[in-house]
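Here's the letter readout for the chains.
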Amino acid sequence: MWVFSRKGPSGFSSRSTAEEVTEGIDGTGLTAIVTGASSGIGTETARVLALRGVHVVMGVRNMASGKEAKEAMVKEIPTAKIEAMELDLSSLASVRKFASEFNSLGLPLNLLITILSLLEYEHKAILFLVASNNAGIMATPFMLSKDKIELQFATNHLGHFLLTDLLLETMKKTARRTSKEGRIVNVSSRRHQFTYPEGIRFDKMNDQSGYSSLSAYGQSKLANVLHANQLARDLKDNGVEITANSLHPGAIATNLFRHYRLVSGLVDVLGKYVIKNVQQGAATTCYVALHPQVKGMSGKYFADCKLAEASSQANDTELAKKLWDFSLRLINQCAHAS
């Protein structure tokens, strides 16, 4: 199965780990925010950045898990500079509180890495493909966030959209003061290609009729790519030395698979060839965030530490602008309602 480990133009493959793709890179002097950092690829991303000298602020929903993850990192890396701060991306009030508290610290911000918060949906997409007769049991029911917005869109896109907006001025100031390129990294998914036919259900976002958990997940991941692309255009037009990119981390094996006997068996047989472990799953995120090869690249989509092809909808500039305006309206409406 050599094809799965074949190296691409970057010199890395789908089997490369986050440590391998950042080997020799000195991140000293950089500050990063990593969301979803209390488990999975979020934790591994935070750990590897800290290993390379980056000052890492972990945005975590569960502070107990966040503190546990931080303590484990500091035990392994005594020189690590790591903080854990509470951040519930499904709540716009929590996002505002996090951004306000971070900005009040007076820290610089070089890297903003938004890792998908509802990672289990990626696995449910895999489960759907290999066990579609049970998809109804595994599918996530329609739910609204605290702000009365469809939960997957609210958590995976809108929370990150607002967070980026609230921290962007700090990133701009950091880039100007340090003359170092800032990088915004949106962790999306290959599932962005499998959304609703219209891409984003602007007029039916909270309409339970016609709701599909997998299409809703794809919609939120499409939004991640569109957001990064539009942000890249705006930053370039304004002459700001900050890049914005999105990526697919790969299908990643976690403990979730143990709950599904059929899939667990397939993972045991095929996992080492098809499914990534957490160390491999965090590789592309760390590559896009730190590697010199990515310097100056913006509005791109990556997978397996190389440029990849996003869907035609993801490259639709009009759809991206419409999503941007729609997201701003939602945020303003929620702010006025609170």
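Residues numbered from 1 in each chain as written. Predicted model: local features only at pLDDT ≥ 70, side-chain atom pairs only at ≥ 80, totals over all residues. Heavy atoms only, no water.

Per an unreviewed UniProt entry, the protein is named Short-chain dehydrogenase TIC 32, chloroplastic-like, and its organism is Rhododendron griersonianum.

Novice: Got a sec to walk through the pattern of salt bridges? Specific residues and values, please.
Specialist: Applying the stated rule across the entire model yields 11 salt bridges. Notably, a salt bridge pairs Arg61 with Asp88, separated by 3.9 Å at the nearest N-O pair. Here Arg61 is found in the loop between strand 2 (55-60) and helix 3 (63-76), whereas its partner Asp88 is found in the loop between strand 3 (82-86) and helix 4 (92-104), with 27 residues between them in sequence. The exposure class assigned to Arg61 is exposed, which follows from its relative accessible area of 60%. One salt bridge in this structure joins Arg183 and Glu181, with 2.9 Å as the shortest N-O distance. (Salt bridge = Lys/Arg side-chain N within 4 Å of Asp/Glu carboxyl O. Helix = DSSP H or I, 4+ residues; strand = E, 2+ residues; numbered from the N terminus. Buried < 20%, exposed > 50% of the residue type's maximum accessible area, 1.4 Å probe, protein only.)

Novice: How would you sum up the environment of Pro108? Please name residues and give values.
Specialist: With respect to the secondary-structure elements, Pro108 resides in the loop between helix 4 and strand 4 (111-114). Residues Pro108 and Thr178, spaced 70 residues apart in sequence, show a C-alpha to C-alpha distance of 9.3 Å. In this view, Pro108 contacts Thr31, Phe102, Thr174 and Arg177; residues no more than four positions away in its chain are not counted. (Contact = heavy atoms within 4.5 Å.)

Novice: Just give me the short version of the side chain of Ser215, but keep the residues and values in it.
Specialist: Considering the arrangement of structural elements, one finds Ser215 in helix 8 (residues 213-237). Not counting residues within four places of it along the chain, the set of residues in contact with Ser215 comprises Phe194, Thr195 and Tyr196.

Novice: Break down the packing of aromatic side chains for me, citing the residues and quoting the values.
Specialist: Inspection of the entire model under this criterion finds six aromatic pairs. Relative to Tyr211, the ring of Phe142 lies with its centre 5.2 Å away and its plane at 80°, an arrangement referred to as edge-to-face. Here the residue Phe142 occupies a position in the loop between helix 6 (135-138) and helix 7 (151-178), and Tyr211 occupies one in the loop between strand 5 (182-187) and helix 8, the gap between them amounting to 69 residues. For Phe142, a relative accessible area of 17% corresponds to the buried category. Members of the aromatic cluster, each reached through a chain of ring pairs, are Phe12, Tyr287 and Phe302. (Phe/Tyr/Trp six-rings, centres within 6.5 Å; stacked < 30°, edge-to-face > 60°.)

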